Amino acid sequence: MESLKKKIQVEGIVLSSEVLKVDSFLNHQMDPSLMKQIGEEFAKRFRGENVTKIVTVESSGIGPALMTAYEMNVPLIFARKRKSLTLKNDVYTAKVFSFTKQEETEISISQKFISEHDRILMIDDFLANGQAALGLIEIIRQARAHLVGVGIVIEKAFQAGGEQLRRRGIRVESLVRVQSLKDGKVTFLEEVTAQ
Ligand code: G4P
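Keep in mind that this is a model prediction, so the values were computed, not measured. (Residues numbered from 1 in each chain as written. Predicted model: local features only at pLDDT ≥ 70, side-chain atom pairs only at ≥ 80, totals over all residues. Heavy atoms only, no water.)

A. Up close: the sheet that holds strand 7 (residues 119-127). Strand order in this open sheet of 6 strands is 4-3-7-8-9-10, and the pairing throughout is mixed. Sheet topology places strand 4 (76-79) and strand 10 (187-188) at the edges, where each strand pairs with a single neighbour. Sheet topology places strand 7 next to strand 8 (residues 146-156); 8 bridges connect them, and they run parallel. When the sheet's bridge partners are listed, Leu121 is paired in strand 8 with Gly149. Against the sheet, helix 2 (residues 32-45) engages strand 7, strand 8 and strand 9 (172-180), with an angle of about 120° to strand 9. Its contacts with the sheet put helix 4 (residues 131-142) on strand 3 (53-57), strand 4, strand 7 and strand 8, and the angle it makes with strand 7 is roughly 165°. (Pairing = 2+ DSSP bridges. Helix = DSSP H or I, 4+ residues; strand = E, 2+ residues; numbered from the N terminus. Contact = heavy atoms within 4.5 Å. Axes fitted to C-alpha atoms, helices over the stretch in contact; angles between N-to-C directions.)

Take a look at the structure:
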């Protein structure tokens, strides 16, 4: 997705050879017109898959996931990381370990929002080690729902998550794939565009 690549090139800040800061348009301040384009692109790529629900994890996944849900005219459910006052029993939960933050969180989704009849599209802002995705996959498994695929805004292809998911036979569509963040520079892998 060229507009996203351009945005990353102009506004992205390489913090280290592992971390790309994109807080001016994706995960702190959000660019609504870019989010709209992102939603349209995911909707185009997963058109014909009869998606019934979008799922993501709070908080930075919510922007792109909501725009995708809007385009596909289906609800969005975001997994909560914090215990909610109203989210008590009857929840599906999974543990997610963040290598970046070196901490474990528990994510949860109310059982009433996912069922075995659902065809789920998972959307997230970053794919690094894939732990958040694996947590959501575990929740989808518990609900006996069907995972149609995973849509990622920025995949860091030099980390293991993408390969791990694809090896499991999961369809992963990344809008941009970053090959390297070495020497303070963002290098992209060839983008696979939808037909
Ligand atoms: P994983 O789920 O793919 O294993 O990711 P990892 O544990 O490595 O990352 C944990 C958090 O850091 C996630 O956000 C993820 O989106 C974010 N992250 C990973 N790599 C980068 C990066 O290069 N740049 C930025 N800006 N973020 C990155 P989170 O903890 O779920 O936080 P949030 O969604 O509330 O922002």
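On we go from here.
B. Fine view of the site of the ligand. In the neighbourhood of the ligand, 21 residues make up the surrounding shell, with Leu20, Ser60, Thr100, Gly130 and Lys156 lying closest. Between the ligand and the protein, one listed contact pairs a nitrogen atom with a backbone N or O atom of Leu20 at 2.6 Å. Relative to its free-state accessible area of 710 Å², the ligand is covered by the protein chains to the extent of 84%. Taken atom by atom, the bulk of the ligand overlaps the largest pocket. For the shell around the ligand, the secondary structure elements donating two or more residues are strand 7 and helix 4. Of the residues contributing to the shell around the ligand, the split by class is 7 nonpolar, 8 polar and 6 charged. (Near = heavy atom within 4 Å. Polar contact = N/O pair within 3.5 Å; in protein donor to acceptor, adjacent residues only side chain to side chain. Areas by Shrake-Rupley, 256 points an atom, 1.4 Å probe, with all protein chains shown as cover. 1 Å grid on protein atoms, 1.4 Å probe; cavity = no way out; pocket = protein on both sides within 12 Å on 5 of 7 lines; lining within 4 Å. Sits in = over half its atoms within 2 Å of the grid points. Nonpolar A, V, L, I, M, F, W, Y, C, P; charged D, E, K, R; others polar.)

C. Fine view of the UniProt feature "binding site: xanthine" (unreviewed entry) in the protein chain. As recorded in UniProt, the feature "binding site: xanthine" (unreviewed entry) lies at Leu20, Asn27 and Lys156. Here the residues from the annotation list that line the largest pocket are Leu20, Asn27 and Lys156. With respect to the secondary-structure elements, Leu20 resides in strand 2 (residues 20-21). Residue class for Leu20 comes out buried when judged on its relative accessible area of 6%. Residues in contact with Lys156, not counting those within four places in the same chain, are Glu18, Val19, Phe126, Leu127, Ala128, Val178 and Leu181. (UniProt positions renumbered as here; feature names shortened; annotations may be inferred. Buried < 20%, exposed > 50% of the residue type's maximum accessible area, 1.4 Å probe, protein only.)

D. Summary view of the layout of surface pockets. Space inside the largest pocket adds up to approximately 930 Å³. Every residue lining the largest pocket is counted, 37 residues in all, and those nearest its centre are Ser98, Thr100, Lys101, Asp125 and Phe126. Every element with two or more residues in the lining of the largest pocket is listed here: strand 2, strand 5 (91-98), strand 6 (103-110), strand 7, helix 4 and strand 8. With 5 residues, the single largest contributor to the lining of the largest pocket is strand 7. In terms of residue class, the lining of the largest pocket is built from 18 nonpolar, 10 polar and 9 charged. (Points joined across faces, edges and corners; volume = space filled by probe spheres on them.)

E. A look at helix 1 (residues 2-11). Of the residues making up helix 1, those classed as buried are Leu4, Lys5, Lys7 and Ile8. Take helix 1 and look down its axis: the buried residues cluster within an arc of 160°, on one side only. Exposed side chains of helix 1 directed beyond 90 degrees from the buried face belong to Glu2, Lys6, Gln9 and Val10. As for helix 1, its buried residues are in contact with strand 2, helix 2, strand 8, strand 9 and strand 10. (Arc of directions from axis to C-beta.)

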